[in-house]
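# Residue-level structural notes
Each chain, letter by letter, is given below.
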Amino acid sequence: MSAELSGGIRLRTATEADHAAIGALLASDAQAAEPASLPAGDRYVAEVRGTVVGVAVLERFGGDGLLRAACVDAAWRGQGIGTALIEHVLTEAALAALDTVVILTARARGFFARFGFREVSAGEVPDPVARAVARGDAPTSAAIPMQLRLAES
Ligand SMILES: CC(C)(COP(=O)(O)OP(=O)(O)OC[C@H]1O[C@@H](n2cnc3c(N)ncnc32)[C@H](O)[C@@H]1OP(=O)(O)O)[C@@H](O)C(=O)NCCC(=O)NCCS
């Protein structure tokens, strides 16, 4: 599914052709960058007139999802693109009937709280997601798990 917003912003599922742009976007933000390669999962991008300016990845584990690599190009922040992108991903997660979406974040807790994510202890994170995190998927050791229960929202 894709969505057109005002200002020529388009939200859509990423394709193979977007990989270089996504990689460059994540590499431009050292703290947001995922270590080696792009995370697996459903990849979504925000583009403005054909240029990728935002990315978010939803990795699914059964009925739960791990939101990763959420990043908007620094030059495009503060214009609602991040909000539109995350709302798009959460709509897709709801359409996929996911129960819970988890994000690990150190510095954007206030941003994700706007969508209803709340901070949880590691023990509250659904098991499959917790195992993925334990494999070393957390972007920083300071990242705190936040969780959104879609079934309740
Ligand atoms: C977090 C991020 C995706 C937000 O994207 P964005 O396009 O700037 O977001 P929006 O323009 O939709 O911002 C919506 C609101 O959230 C606020 N906000 C943005 N980033 C925030 C943050 N890190 N913490 C708290 N609030 C934040 C904005 O100030 C804005 O508030 P306002 O409506 O009162 O003006 C972007 O800042 C980013 O890529 N940051 C670096 C990577 C990162 O931290 N990713 C998070 C996962 S680790």
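Summarised in this report is the structure supplied together with it.

Calculation notes
Residues numbered from 1 in each chain as written. Predicted model: local features only at pLDDT ≥ 70, side-chain atom pairs only at ≥ 80, totals over all residues. Helix = DSSP H or I, 4+ residues; strand = E, 2+ residues; numbered from the N terminus. Buried ≥ 20, exposed ≤ 12 C-beta atoms within 10 Å, placed from the backbone. Contact = placed C-beta atoms within 7 Å. Expected span 1.5 Å × (residues − 1). Pairing = 2+ DSSP bridges. Axes fitted to C-alpha atoms, helices over the stretch in contact; angles between N-to-C directions. Core = buried A, V, L, I, M, F, W, Y, C linked by C-beta atoms within 7 Å.

## A word on the overall build of the protein
Within the protein, the regular secondary structure consists of four helices and eight strands. Relative to its full complement of 153 residues, the protein shows a buried share of 35%. Relative to all contacts within the protein whose residues are 6 or more apart in sequence, the contacts with residues 24 or more apart total 67%.

## What to know about unusual backbone geometry
Phi is positive for Arg49, which is not a glycine, with a value near 45 degrees. For Arg49, the position within the fold is in the loop between strand E3 (42–48) and strand E4 (51–61). For Ala97, which is not a glycine, the phi torsion comes out positive at approximately 60 degrees. Looking at where Ala97 falls in the secondary structure, it is placed in the loop between helix H2 (81–95) and strand E6 (100–105).

## A short note on H2
Given a rise of 1.5 Å per residue, 15 residues ought to cover 21 Å, and the 21 Å separating the end C-alpha atoms of H2 matches this to within 8%. Of all the residues in H2, the buried ones are Ile81, Gly82, Ala84, Leu85, Ile86, His88, Val89, Leu90 and Ala93.

## Focus: the sheet that holds E3
What the eight strands build is an open sheet, ordered E1-E2-E3-E4-E5-E6-E8-E7; its pairing is mixed. The open sheet has two edge strands, strand E1 (3–4) and strand E7 (118–119), and neither has a second partner. Here helix H1 (residues 19–27) sits on the sheet in contact with E3, E4 and strand E5 (64–72), set at roughly 95 degrees to E4. Strands E1, strand E2 (9–13), E3, E4, E5 and E6 of the sheet are contacted by H2, whose axis makes an angle of about 30 degrees with E4.

## Comments concerning the nonpolar core
One finds Ala46, Val55, Ala56, Leu67, Leu85, Val89 and Val101 to be the most contacted residues of the largest nonpolar core, which totals 39 residues. Per element, the largest residue contribution to this core is seven residues, and it comes from H2. Among residues more than four places away in sequence, those in contact with Leu85 are Leu11, Tyr44, Ala46, Gly54 and Ala56.

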